[in-house]
Amino acid sequence: QTEHFNWDSYLRETESLAAPSQCFRQSKIPPTNEFKIGMKLEARDPRNVTSVCIATVIGITGARLRLRLDGSDNKNDFWRLVDSSDIQPIGTCEKKGGMLQPPLGFQMNASSWPMFLLRTLNGAEMAPATFFKKEPPKPAPNLLKIGMKLEAIDKKNPYLICPATVGDVKGDEVFITFDGWRGAFDYWCKYDSRDIFPVGWCGLTGDALQPPGNNVSITKSSAKTQSSPSKVTRRSMQSPQKTVPIPAQRGKKPGRAKPPGQTSV
Ligand code: MLY
């Protein structure tokens, strides 16, 4: 929750800089989220990206929608921004000459898809076209630099947006590290990924920004981005190769050493 975490003081404490908003493929003013729970739309199947499927909005969080594909189970929900190119109004696929597909893992016999489609759309509340916002353009070059702070989706827990640091940059790819967490959640992505946001994004959208974790790890020698190899460093400043992965845990936080000045939540 934002009450527990303040970017201004955090940037001061960590003597770090926020990545400027021009670095991101996000609109400077986040798009308004007008969707309502229960509305239906067309969405690209995240597990089978050539398929366009019917999805239902089952949650609203900031500028994002929690979506579930009709005919799928409740274990494969995904989140999309209201200005994502992965979503569109019902009817768009057909207008373009395409066919709506059953989701990967369609729970019924494939032959029952046409009837399922008719039934799921019958009497459904369809999200109006005006609710879908235009995807912002890609920023021209990759302007992200090692050490810059940002907000990033935890891909292993995609409902979470967390304080993060650019750990490395290679061409158009950036390595996202999660502040106060060991390497297990880190990932490489393109600089124009829709999963990364400028500092302050959650504050603007009303999405809940996670507090940083409170793990520290000992930086091992030969860490290439580390100048003083023996000192205890916040995980976020470490080189990716030198982190000790921890298994993802559910329901409880892993045991951890607390750095001075860090409050646990
Ligand atoms: N309960 C999970 C959540 C981890 C989230 C880590 N993110 C925020 C980087 C766990 O403790 O593993």
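Residues numbered from 1 in each chain as written. Predicted model: local features only at pLDDT ≥ 70, side-chain atom pairs only at ≥ 80, totals over all residues. Heavy atoms only, no water.

Draft legend 1. Representation of unusual backbone geometry in the model. Even without being glycine, E15 reaches a positive phi, approximately 50°. Position of E15 relative to the elements: it lies in the loop between α1 (7–13) and β1 (40–45). Taking the relative accessible area as the measure of exposure, E15 reaches 75% and is therefore exposed. (Helix = DSSP H or I, 4+ residues; strand = E, 2+ residues; numbered from the N terminus. Buried < 20%, exposed > 50% of the residue type's maximum accessible area, 1.4 Å probe, protein only.)

Draft legend 2. Looking closely at the side chain of T120. The topology assignment puts T120 in helix α3 (residues 113–121). In this structure T120 touches K40, I54 and D70, once residues within four positions along its chain are discounted. (Contact = heavy atoms within 4.5 Å.)

Draft legend 3. View of the packing of aromatic side chains. Under the criterion given, the structure shown has 13 aromatic pairs. Relative to F132, the ring of F35 has its centre 5.1 Å away and its plane inclined at 85°; by these criteria the two rings are edge-to-face. Separated by 97 residues along the polypeptide, F35 in the loop between α1 and β1 and F132 in the loop between α3 and β6 (149–153) bring together distant segments of the chain. Both residues of the pair, F35 and F132, belong to the buried class. Look at W79 and Y159: their rings are 5.8 Å apart centre to centre, the planes differ by 50°, and that puts the pair in the tilted class. With W79 in strand β4 (residues 78–81) and Y159 in the loop between β6 and β7 (161–170), this pair connects stretches of sequence that are 80 residues apart. Counting every residue linked through ring pairs, the aromatic cluster contains F5, W7 and Y10. The cationic tip of K155 hangs over the ring face of Y187; the distance from NZ or CZ to the ring centre is 4.7 Å. Here K156 stacks its cationic end above the ring of F185, 5.8 Å away from the centre of that ring. (Phe/Tyr/Trp six-rings, centres within 6.5 Å; stacked < 30°, edge-to-face > 60°. Lys NZ or Arg CZ within 6 Å of the ring centre and 35° of its normal.)

Honestly, that's just the spatial picture; any functional story needs more than this.
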